[in-house]
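Here's the letter readout for the chains.
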Amino acid sequence: MMSDVIEMTPYEALGGSVILRTLVDRFYDIMASDPRAAGIQAMHPQNTTLIREKLFEFLSGWLGGPQLFIEKYGHPRLRGRHMPFAIGESERDQWMLCMLQAMAEIEMTDELRSHLEEAFMKTADFMRNH
């Protein structure tokens, strides 16, 4: 008799909305406090309330959870939304520095961590326009 294997989405494996919110908040807190992220910090508004919510909503759907961003704003069009900002390797690496540090504070399996690191890097690299 074969057992049914139900695969979890990365959203579910991470722990859902509560853990995702923690990850997003830590990401922006690190960005605001780490001098190594000054370049990307300068690209963001001083009040990060709206951008935190947008990243949370985007990541929710991107990780296989509720499609909150798409329901509110339509297709993410990531490259188009980031075109007004000069994003090169330095900015990509600053973004990744903040995300990897935020991820390091979240308990998750090694498999999920590896998957997310690869997916975030691929997406961050795709945002480069300079």
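Up top is the structure these notes are about.
K.L.:
Even after reading the chapter, I still don't get the side chain of Arg 113, so can you show me in this structure?
P.N.:
Relative to the assigned elements, Arg 113 resides in helix H8 (residues 110–126). We note that Arg 113 is buried and unpaired, the nearest opposite charge coming from Asp 110 at a distance of 5.0 Å. Within the structure, Arg 113 has its side chain in polar contact with the backbone oxygen of Ile 106 (distance 2.9 Å). Ignoring anything within four residues of it in the chain, the contact list for Arg 113 reads Met 103, Ala 104, Ile 106 and Met 108.

K.L.:
So what exactly am I meant to see when it comes to the pattern of salt bridges here?
P.N.:
When charged atoms on two side chains of opposite charge get close, those side chains can pair. Per the stated rule, a full pass over the model turns up eleven salt bridges. Across the salt bridge formed by Arg 26 and Glu 105, the nearest N and O atoms sit 2.5 Å from each other. Of this pair, Arg 26 sits in helix H2 (residues 17–33) while Glu 105 sits in the loop between helix H7 (89–104) and H8, placing them 79 residues apart in sequence. Note that Arg 36 is salt-bridged to Asp 34, the shortest N-O span being 2.7 Å. On the basis of relative accessibility, which here comes to 54%, the residue Arg 36 falls in the exposed class. On the basis of relative accessibility, which here comes to 12%, the residue Asp 34 falls in the buried class. Each of the salt bridges in this network shares a partner with another, and the network as a whole consists of Asp 25, Arg 26, Asp 29, Arg 52 and Glu 105.

Rules behind the numbers
Residues numbered from 1 in each chain as written. Predicted model: local features only at pLDDT ≥ 70, side-chain atom pairs only at ≥ 80, totals over all residues. Heavy atoms only, no water. Helix = DSSP H or I, 4+ residues; strand = E, 2+ residues; numbered from the N terminus. Buried < 20%, exposed > 50% of the residue type's maximum accessible area, 1.4 Å probe, protein only. Lys, Arg positive; Asp, Glu negative; His and termini not counted. Salt bridge = Lys/Arg side-chain N within 4 Å of Asp/Glu carboxyl O. Polar contact = N/O pair within 3.5 Å; in protein donor to acceptor, adjacent residues only side chain to side chain. Contact = heavy atoms within 4.5 Å.

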